[in-house]
Amino acid sequence: MAFRKIKKETRIAPWEAPKIRFRQKMVRMAIHVLGWIGIAVLFYVGFSFFFDTPLEYRMKASTASLRREYEMLDARYDSLEAVLNNVVDRDRNVFRILFEADPYDFDSGEGVERWTSYEKLLSRPMKELNAELNTRAAALETKIREVESSYMDMEEKLKSAGDLVNSIPSIQPVINKDLTLLTASFGLRIHPFYKTLTQHMGVDYTVPEGSRVFATADGRVKDVSARATSSGIMVVLSHGNGYETQYNHLSQLNVKKGDQVRRGDIIALSGNTGLSLAPHLHYEVRHNGLRVDPIHYFFMELSPSDYRRLMNIARSGMQSFD
């Protein structure tokens, strides 16, 4: 038996037809609008992919200009760094040629090493740090006991030495509290008249003519000279135990040969006599006949920091005054 599908016809009331046509029209219009919007979006995306907008063009131009300036500055920095390194190398080479030694540096990498040490400590467990601290504290206590014992031995030796300690040169020959008067130290220096490198056998103090000159240790006046020699008016003190000191280019003598002097006595006044570039005092220390660096014999009035500063000041002067 065959069945047939019966299509039902939907009848629309006459007054509903305008509403349906209006909705259909609005739907078609919305579809058209969305379609045009989609086309516009695709067009903008395609245009911006192949072409730059005015704002993008200006931004790219500005970026390119900044990149060129950065490259120029980077090249200039590399050039300046190369020049600076060259100057540093030349300065070190000149120092090595003149003094046959590497330049001394008091602050060589201590900050970086200390920071690296702190980082390593922070990464270690607390228990391990406590154990290491206790070990180091015990070692330090042992070291302190050794130092105390060494000091006691030294004190006994000083007591047994008696007045010989006062015969060791241990102060500066002029008043130099600010440490600014020492201008030429012991070693190779440029001669003020011959302009050649010569061995400077003492230290020079640029002091005004007539400044007080002090004996740096107890002793006896070994020799005086008022003759017109290269040293000018000069005094030599013998302190015993192999020590002698010499004071050159004086303007006036307050002692004579054979006099006994004490550390701090005014033995003369500074001047500009002899072969001298300007008023100054040339001071020498001799031990067992050999001239030694006098800066190492100012320990009675210099703290470690003052000694370090005086060493830096002395190394900055390349020309002597005699």
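Before going into details, it helps to say that this report is about the structure given with it. Computed from a predicted structure; not experimentally measured. (Residues numbered from 1 in each chain as written. Predicted model: local features only at pLDDT ≥ 70, side-chain atom pairs only at ≥ 80, totals over all residues. Heavy atoms only, no water.)

With that out of the way, let us pick up the overall build of the protein. A count of helical and extended segments in the protein gives five helices and twelve strands. Counting only residues that meet the buried cut, the protein has 25% of its 322 residues in that class. Here the contacts in the protein between residues at least 6 apart in sequence split such that 66% fall between residues at least 24 apart. Accessible surface, the protein: about 23,200 Å² in total, of which carbon and sulfur atoms supply 60%. (Helix = DSSP H or I, 4+ residues; strand = E, 2+ residues; numbered from the N terminus. Buried < 20%, exposed > 50% of the residue type's maximum accessible area, 1.4 Å probe, protein only. Contact = heavy atoms within 4.5 Å. Areas by Shrake-Rupley, 256 points an atom, 1.4 Å probe, with all protein chains shown as cover.)

The next subject is the pairing of strand β8 (residues 243–253). Most of β8 sits inside the fold, with eight of its eleven residues counted as buried. Summarising the sheet, strand β7 (residues 233–240) and β8 pair through six bridges and their orientation is antiparallel. Counterpart to Ser238 in the pairing with β8 is Glu244. Here β7 folds back onto β8 in antiparallel fashion, the turn holding two residues, of which Asn241 has a positive phi close to 60°. With six bridges joining them, β8 and strand β11 (residues 281–287) adopt antiparallel strand pairing. Pairing of Glu244 across the sheet is with Arg286, part of β11. Where β8 and strand β10 (residues 266–270) come together, three bridges link them in antiparallel fashion. Bridged to Gln252 within β10 is Leu269. (Pairing = 2+ DSSP bridges.)

Quick look at the environment of His282 now. Mapped onto the secondary structure, His282 falls in strand β11. In the structure, His282 is positioned 80 residues away from Gly202 in sequence and 6.5 Å away in space, judged by C-alpha atoms. At 2.8 Å, the side chain of His282 and the side chain of Glu284 are in polar contact. (Polar contact = N/O pair within 3.5 Å; in protein donor to acceptor, adjacent residues only side chain to side chain.)

Next up on the list: the pattern of salt bridges. Here the structure, examined in full by the defined rule, presents seven salt bridges. Glu284 is the salt-bridge partner of Arg291, the closest N and O atoms lying 2.9 Å from each other. Linked through salt bridges whose partners overlap, the residues forming this network are Lys222, Glu244, Glu284, Arg286 and Arg291. (Salt bridge = Lys/Arg side-chain N within 4 Å of Asp/Glu carboxyl O.)

What follows deals with a nonpolar patch on the surface. A cluster of nonpolar side chains, Phe22, Met26, Met29, Val33, Leu34, Ile37, Val41, Tyr44 and Val45, forms an exposed patch at the surface whose accessible area comes to about 900 Å². Mapped onto the elements of the fold, Val45 is located in helix α1 (residues 17–50). (Patch = residues over 30% accessible without salt bridge, like charges linked within 9 Å, V, L, I, M, F, W, Y side chains within 5 Å.)

For the structure on display, the rule yields three aromatic pairs. The interplanar angle of 70° and the centroid separation of 5.7 Å between the aromatic rings of Tyr243 and Tyr297 together place this pair among those described as edge-to-face. Of this pair, Tyr243 sits in strand β8 while Tyr297 sits in the loop between β12 (290–292) and α5 (304–316); the two residues are 54 residues apart in sequence, bridging distant segments of the chain. Residue class for Tyr243 comes out buried when judged on its relative accessible area of 9%. (Phe/Tyr/Trp six-rings, centres within 6.5 Å; stacked < 30°, edge-to-face > 60°.)

This paragraph deals with a negative patch on the surface. A cluster of acidic residues, Glu71, Asp74, Asp78 and Glu81, forms a negative patch at the surface. Considering the arrangement of structural elements, one finds Glu71 in helix α2 (residues 54–99). (Lys, Arg positive; Asp, Glu negative; His and termini not counted. Charge placed at Lys NZ, Arg CZ, Asp CG, Glu CD.)

Moving on to the pairing of β7. With respect to burial, β7 is a largely interior element, seven of its eight residues being buried. Pairing between strand β6 (residues 219–225) and β7: five bridges, direction antiparallel. In the sheet register, Val221 faces β7, and the bridge partner there is Leu237.

Another aspect to go through is unusual backbone geometry. Look at His249: it is not a glycine, yet its phi comes out positive at around 60°. Turning to its location among the elements, His249 is positioned in strand β8. A relative accessible area of 1% places His249 in the buried class. Notably, Asn288 is not glycine yet its phi reads approximately 55°, a positive angle. In this fold, Asn288 is placed in the loop between β11 and β12.

For Ser211, the location among the structural elements is in the loop between β4 (203–205) and β5 (212–214). Judged by its relative accessible area of 18%, Ser211 falls in the buried class. A polar contact is formed between the side chain of Ser211 and the backbone oxygen of Pro208, at a distance of 2.7 Å. What Ser211 contacts, discounting residues up to four positions off in sequence, is Ala268, Leu269 and Ser270.

By secondary structure assignment, the location of Asn254 is in the loop between β8 and β9 (260–261). By relative accessible area, which is 37% here, Asn254 ends up partly exposed. Expressed as a C-alpha distance, the spacing of Asn254 and Asp265, which sit eleven residues apart in the sequence, is 9.6 Å. Contact partners of Asn254, with chain neighbours within four places excluded, come to Ile266, Ile267 and Ala268. Among the polar contacts made by the side chain of Asn254, one reaches the side chain of Gln252 at a distance of 3.2 Å.

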